[in-house]
Amino acid sequence: MRLFDTLTRTERELRPIDSATFRFYCCGPTVYGPAHIGNFRTFVLQDVLRRTLETGGTRTLHVRNITDVDDKTIRDAQKAGQSLTEFTAGWTAKFHADCEKLGLLEPHIEPSAVAHIPQQIAMIEALIAKGHAYPSDDGSVYFKISSFPGYGKLSHLDKRELDLGKTQNTRANSDEYAKDSVSDFVLWKARRPEDGANFWSSPWGDGRPGWHLECSAMIQEYLGDSFDLHSGGVDLVFPHHENEIAQSTCACGGRFAAHWFHITHLLVDGGKMSKSLGNLYTLSDLEGRGFTPMEVRYVLIGGHYRKQLNFTLDSLHAAREALAKLAKSARNLATKTGSEFTLDSAAFGPFQTAWDSLNHDLNTPAALGGLFTGLRNASQLSGKDAAAALAGFNRLLRALGLTLPEENDRATEIPDSIRALAESRWQARLAKNWAQSDQIRAELATQGWLVKDTRDNYTLTPSP
RNA sequence: GGCGGAGUAGCCAAGUGGUAAGGCAAUGGUUUGCAAAACCGUCAUGCGUGGGUUCAAUUCCCACCUCCGCCUCCA
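Residues numbered from 1 in each chain as written. Chains lettered and ligands numbered in written order. Predicted model: local features only at pLDDT ≥ 70, side-chain atom pairs only at ≥ 80, totals over all residues. Heavy atoms only, no water.

Peer 1: Lay out the overall build of chain A in plain terms, naming residues and giving numbers.
Peer 2: A count of helical and extended segments in chain A gives 15 helices and 16 strands. Seen through its C-alpha atoms, chain A measures out along the principal axes to roughly 90 × 50 × 35 Å. The proportion of buried residues among the 464 residues of chain A is 49%. Long-range pairs, those at least 24 residues apart, make up 76% of the contacts in chain A with a sequence separation of at least 6. With an accessible surface of roughly 21600 Å², chain A has 51% of that area assigned to carbon and sulfur atoms. In chain A, 51 positive and 56 negative side-chain charges are present, and the distance between their average locations comes to 6 Å. (Helix = DSSP H or I, 4+ residues; strand = E, 2+ residues; numbered from the N terminus. Buried < 20%, exposed > 50% of the residue type's maximum accessible area, 1.4 Å probe, protein only. Contact = heavy atoms within 4.5 Å. Areas by Shrake-Rupley, 256 points an atom, 1.4 Å probe, with all protein chains shown as cover. Lys, Arg positive; Asp, Glu negative; His and termini not counted. Charge placed at Lys NZ, Arg CZ, Asp CG, Glu CD.)

Here's what the structure looks like:
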């Protein structure tokens, strides 16, 4: 498949460099609270990338870390009166539960930063030995940007700009005095009183690793010096990924990531999500409003990953209808396959266009469109052709990670009072007492239930 | 200020140098006691504004307007 690469700013073919396995790394969540749907846009798109590769027959090795030590985790663990381990374990579990609901494949390896402190210390030692890093008087260690000419290549910031941009910001931060240059970033942070019990010993004294270094060390551990792809949200391009490149290439000497895949941020109601605006949604928030995780996933893949996607609650309603329509069309197609289930795994039939879209810079919205047009075209088919089309449809669904709602998915317990009301309405209707029948239907509607008549029965569903 | 992205129907959103996918909503018909559901239709002479190149531009070029993101630990 072809995918845009942030570093070269071109679309390039994705191929495993070393072996038959496509090895890639995704920057995972910092576990200090529930992930929001913006976070999940990134993880869902990474999941679709992996699924598309696998559907195309490529084996993958997917590494995604858990950031379980940084300023925020330490601060909030203490606020919660928990140990760091206890605190981050809780949010990690929540993250995993959300991932499963959203249909995300588990990474093959999910390393945590805290579990790789020795590797991080070793990498700092290597950097110091090679003259790329220096300890400061307070026991912190910094990366020396001037020792790495390639710095700024990924984010296309030149060095002069980097320095200028910083000068204003650093004055306010008294911790910065120990740096040689304002651009230098921290590899090891010396222990501070507010860190409490959260510190590790190192050759430079007690402290903890810098955030950027965590990823570099875990990548080195599981993917080595050179691997196929590195991914994260756009906000990580600078400084996080820029710093990773600097650390890793200087310490390890490899080429690091062959390809950079960045997912653009999700907007909510046309702007940035923020708690103060009240538009920061977690998966649980949306479930609380009656939406399913699959509906959320559908919305998240409804825009191209390189464009900002505007998330609204209305889009979730649209997703619900769209998924129901897909499910119904698929069921109709299934009834036409007859007994000939010759599942041709190589062909996509009417869904070839959708598959091509996915392989052309992961165009998920075009692929979703292709799902509908494909189904429309497939509705003319029967027997073997229908079976082949259905197989193609299902492969595409797998690549997108979508599961369609079952017919009775939304059926919920109907309270006795509602059931009794509906029954009395049915009786009124049989007696052709339309006025009373309509009145009861309105009453049911105000109580949140929708009644639908069929030839000789009726159904009750919760109103959307 | 620097870097980057975007402006396509009521909303969301693809796409292309040759005349605009798809979804939601809306709406017409069939059906229904009336609805709902279902099925069959309709729904941008137009792609921010003004120029230019071209046989032809929404798609390329220039200018302008507007919006959004990033600029040290936020996916």
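Once the structure has been displayed, the description carries forward.
Peer 1: I'd like a rundown of the state of the cysteines, residues and numbers included.
Peer 2: Counted according to the given criterion, the structure contains zero disulfides. No disulfide involves Cys-27; its nearest neighbouring cysteine sulfur is the one of Cys-215, lying 3.9 Å away. Owing to a relative accessible area of 6%, Cys-27 belongs among the buried residues under this scheme. (Disulfide = S-S within 2.5 Å.)

Peer 1: Which residues make up the pairing of strand S12 (residues 260-263), and what values do they have?
Peer 2: Here S12 shows two buried faces, one formed by Trp-260 and His-262 and the other by Phe-261 and Ile-263. In terms of strand pairing, strand S10 (residues 229-233) meets S12 through four bridges, oriented parallel. Each residue of the ladder has a partner; that of His-230, found in S12, is Trp-260. (Pairing = 2+ DSSP bridges.)

Peer 1: Break down the sheet that holds strand S5 (residues 133-135) for me, citing the residues and quoting the values.
Peer 2: What holds strands together in a sheet is hydrogen bonding between their backbones, with the strands either parallel or antiparallel. Taken in spatial order, the four strands of this open sheet run S5-S6-S7-S8, and their pairing is antiparallel. Two strands in the sheet have a free side with no partner beyond their single neighbour: S5 and strand S8 (207-209). On average, adjacent strands in this sheet sit at an angle of 20 degrees to one another, irrespective of strand direction. Bridging between strand S7 (residues 186-190) and S8 involves three bridges; their strand directions are antiparallel. Paired with Trp-188 across the two strands is Pro-209, which belongs to S8. (Axes fitted to C-alpha atoms, helices over the stretch in contact; angles between N-to-C directions.)

Peer 1: Please set out the nonpolar core residue by residue, giving values where relevant.
Peer 2: If you look at the biggest cluster of nonpolar residues, it comprises 70 residues, and the most contacted ones within it are Leu-362 and Phe-393. If you look at the next biggest cluster of nonpolar residues, it comprises 40 residues, including Phe-185, Leu-187, Cys-215 and Val-237. (Core = buried A, V, L, I, M, F, W, Y, C linked by side-chain atoms within 4.5 Å.)

Peer 1: I'd love a proper account of the sheet that holds S12, names of residues and values included.
Peer 2: One open sheet accounts for four strands, arranged S4-S3-S10-S12; its pairing is parallel. The open sheet has two free edges, formed respectively by strand S4 (59-64) and S12, since each of these has just one partner strand. For this sheet, the mean angle separating the axes of adjacent strands, direction not counted, is 20 degrees. Across six bridges, the pairing between strand S3 (residues 21-26) and S4 is parallel. Counterpart to Phe-22 in the pairing with S4 is Thr-60.

Peer 1: I'd like a description of the pattern of salt bridges, backed by residues and values.
Peer 2: Following the criterion strictly, the structure yields 23 salt bridges and no others. Between Arg-425 and Asp-453 there is a salt bridge; the shortest N-O distance is 2.9 Å. Residue Arg-425 is located in helix H14 (residues 416-430), and its partner Asp-453 is located in strand S15 (residues 449-453); the two are separated by 28 residues in the primary sequence. Residue class for Arg-425 comes out buried when judged on its relative accessible area of 2%. A relative accessible area of 29% places Asp-453 in the partly exposed class. Residues Arg-429 and Asp-453 are paired through a salt bridge, measuring 3.1 Å at the closest nitrogen-oxygen approach. Remark: Asp-453 occurs in strand S15 and Arg-429 occurs in helix H14; sequence separation between them is 24 residues. Arg-429 sits in the partly exposed class, given a relative accessible area of 26%. If you follow the salt bridges from partner to partner, you end up with Asp-71, Lys-189, Arg-192, Glu-194, Asp-195 and Arg-208 in one network. (Salt bridge = Lys/Arg side-chain N within 4 Å of Asp/Glu carboxyl O.)

Peer 1: So, helix H2 (residues 71-79): which residues are in play, and what are the values?
Peer 2: Looking at H2, one finds that the buried residues are Thr-73, Ile-74, Asp-76 and Ala-77. Those residues of H2 that are buried are in contact with helix H3 (84-101) and S8. The N-capping residue of H2, defined by a side-chain oxygen 3.2 Å from the backbone nitrogen of Lys-72, is Asp-70. Gly-81 sits one or two positions beyond H2 and adopts a positive phi of about 70 degrees. (Polar contact = N/O pair within 3.5 Å; in protein donor to acceptor, adjacent residues only side chain to side chain.)

Peer 1: Describe the packing of aromatic side chains, and please don't skip the residues or the numbers.
Peer 2: Counted according to the given criterion, the structure contains 15 aromatic pairs. Taken together, a centroid distance of 6.2 Å and an interplanar angle of 70 degrees make the contact between Phe-40 and Phe-43 edge-to-face. On the criterion of helical spacing, the pair formed by Phe-40 and Phe-43 is a turn pair, its members being three residues apart in helix H1 (residues 37-55). Just as Phe-40 is buried, Phe-43 falls in that class too. (Phe/Tyr/Trp six-rings, centres within 6.5 Å; stacked < 30°, edge-to-face > 60°.)

Peer 1: How would you sum up the packing of H1 against helix H13 (residues 383-400)? Please name residues and give values.
Peer 2: Between H1 and H13, the least distance of the axes is 7 Å, while the angle of their chain directions is 145 degrees. Along the contact surface, H1 presents Val-48, Arg-51, Thr-52 and Thr-55, while H13 presents Arg-395, Arg-398, Ala-399 and Leu-400. Here the contact of H1 with H13 is composed, by residue class, of three nonpolar, two polar and three charged. (Nonpolar A, V, L, I, M, F, W, Y, C, P; charged D, E, K, R; others polar.)

Peer 1: Requested: an account of the pairing of S10, with residues and values cited.
Peer 2: Among the five residues in S10, five count as buried, and that is most of the element. Bridge count between S3 and S10: three bridges; the pairing is parallel. What sits directly across from Phe-24, in S10, is Leu-229.

Peer 1: Give me the lowdown on helix H12 (residues 364-378), citing residues and values where you can.
Peer 2: For H12, with 15 residues, the first-to-last C-alpha span of 20 Å sits near the 21 Å given by 1.5 Å per residue. Within H12, the full set of buried residues consists of Thr-364, Ala-367, Leu-368, Gly-370, Leu-371, Gly-374, Leu-375 and Ala-378. Projection of H12 onto a plane perpendicular to its axis shows the buried side chains occupying an angular sector of 155 degrees, all on one side. For H12, the exposed residues set more than 90 degrees away from the buried face come down to Arg-376 and Asn-377. The inward-facing, buried residues of H12 abut H1, helix H9 (293-300), helix H10 (313-335), helix H11 (352-359) and H13. N-capping of H12 is provided by Asn-363, with a side-chain oxygen placed 3.1 Å from the backbone N of Ala-366. (Expected span 1.5 Å × (residues − 1). Arc of directions from axis to C-beta.)

Honestly, that's just the spatial picture; any functional story needs more than this.
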